[in-house]
Every structure is written in structure tokens, then in C-alpha cells.
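One-letter residues, chain by chain:
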Amino acid sequence: VGERFTRSLSTYTQHAHAQRLIADRLASLMASLTGKDAVMRSLIEIGSGTGLFTKAWSELVKADQAHFMDLCDMPEYGVARHEIYTRADAEREIERLAEAEENSVDAIVSASAIQWFSNPQRFLSNCHRLLRHGGILAMSTFAPGNLEELHGLRADPMYYPEADDMRSWLLNYSEAEVKEERVTVEFGTPIEALRHLRLTGVTGSG
């Protein structure tokens, strides 16, 4: 997965139409929870990549320290006073931090990344351990029906949890809301659709 996204870094931002819409809406949701221009002491962003979502949230809220994690190379974003970059498996890294630094982070955020995780339920539980009381988890992922036109062609189709599954995984959070929305991207031909997936790196499953 990391290799596929690394190869698409130069083309991702231009072609990630749905991801940009998702990033903007998730950033607006963050700001509605914290208050616009709020400053968080510590924030972790999972799957920051080219910084599409980073740019969106940093225009609405601020972070004194921001820790970015991804499987692929990351540029310097320059959105926080102190920035940490970790190229690693975020599932393992969050679990390690949850064990070592429990209740230490103000916000954990991620746009269009956790669908690649092997155990998202365990990941969300580790995020809960890592967050301070009153901390914020703001994440987006994809739902059943994503890329359904190509589902039968993929040797190893992606697993997408139902909204009710997500709600059950968030029961240990004091407040949780799961929203589901359909985003349609139109292509003239099947080849254009497949090219779009390659240019955005969304070909990490078989």
C-alpha cells in the first residue's frame, strides 16, 4: 500500500476529487467541535500523505504540536510550531503510543486512510486510550458500495465496515456520531476510472 501511494504522490492532489471533498467536510466538522481557530496542544494525523487534509484542517484549527504518520513519504507541512514525522504502520504506532503515553493527545484525525487497516476496531480502541479526557477523534473512511462497479474485477476486494459496525466500535467514547454520505465521481470510460485509481494510489489491494 505504501509503495502504491508513494508512486502517486505527484498526481494524487490533482486527481483526488472525492478525497478533497471528504477532507474539507471533515475539517469543517473538526472546527465545529473545537471552535474555529482553536489551538490544540497535541494532534496526531494518520495517513497525511500529500497534506490534502492537513491543509484543510490547519486553515480552521491550530495545533501546537502535530505528529504525522503515513506509510509513504511526507513533505514538511509547516502547520504547527513543532512537527513530528513518522513513516510507519500507524496501527502499530498508535498501539505503542497508547501503551507508553496514555491520555496524552488532544486530537487524532484521519481522512480516507483507515480502510487499509487490518483491525480498525482495535485501532479505534487504542485511539481512545491515547486521547485525553475530552479529546477529539475525527476520521473518515469508506463504506460498503465504494467502487462497487469494480468489485467483481478485483482479486482481493477491500472490506468496508457498515455504519452500525463503526458505531459499535465507538461505544467506549463518551459521545460518538457516525455519518454516511454518497459521493459520485463520473468518468467517460472504464479506462478513465482505472487510470484515476492509479493516479491516486487507490490500488493497494490485489
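Above this text sits the structure in question.
These lines cover the structure that appears in this document, whether it is placed above or below. (Residues numbered from 1 in each chain as written. Predicted model: local features only at pLDDT ≥ 70, side-chain atom pairs only at ≥ 80, totals over all residues. Heavy atoms only, no water.)

## Some details on helix α6 (residues 120–130)
By the burial criterion, the buried members of α6 are Pro120, Phe123, Leu124, Asn126, Cys127 and Leu130. Burial along α6 is one-sided: seen end-on, the buried residues are contained in an arc of 160°. Here the buried face of α6 lies against β1 (39–46), α5 (90–100), β4 (105–111), β5 (131–140) and α7 (163–169). (Buried < 20%, exposed > 50% of the residue type's maximum accessible area, 1.4 Å probe, protein only. Helix = DSSP H or I, 4+ residues; strand = E, 2+ residues; numbered from the N terminus. Arc of directions from axis to C-beta. Contact = heavy atoms within 4.5 Å.)

## A short note on the nonpolar core
Judged by nonpolar contacts, the single largest core of 23 residues is most densely connected at Met30, Leu43, Phe53, Trp57, Val61 and Val109. Looking at this core, the elements that each hand over two or more residues are α3 (17–34), β1, α4 (52–58), β2 (62–70), β4 and β5. Among the elements that make up this core, the one with the highest residue count is α3 (five residues). Look past the residues within four positions of Leu43 in its chain and what remains in contact with it is Met30, Trp57, Ala63, Gln65, Ala66, His67, Val105, Ala107 and Val109. Judged by nonpolar contacts, the second largest core, of 20 residues, contains Ile46, Met69, Ile94 and Leu124. (Core = buried A, V, L, I, M, F, W, Y, C linked by side-chain atoms within 4.5 Å.)

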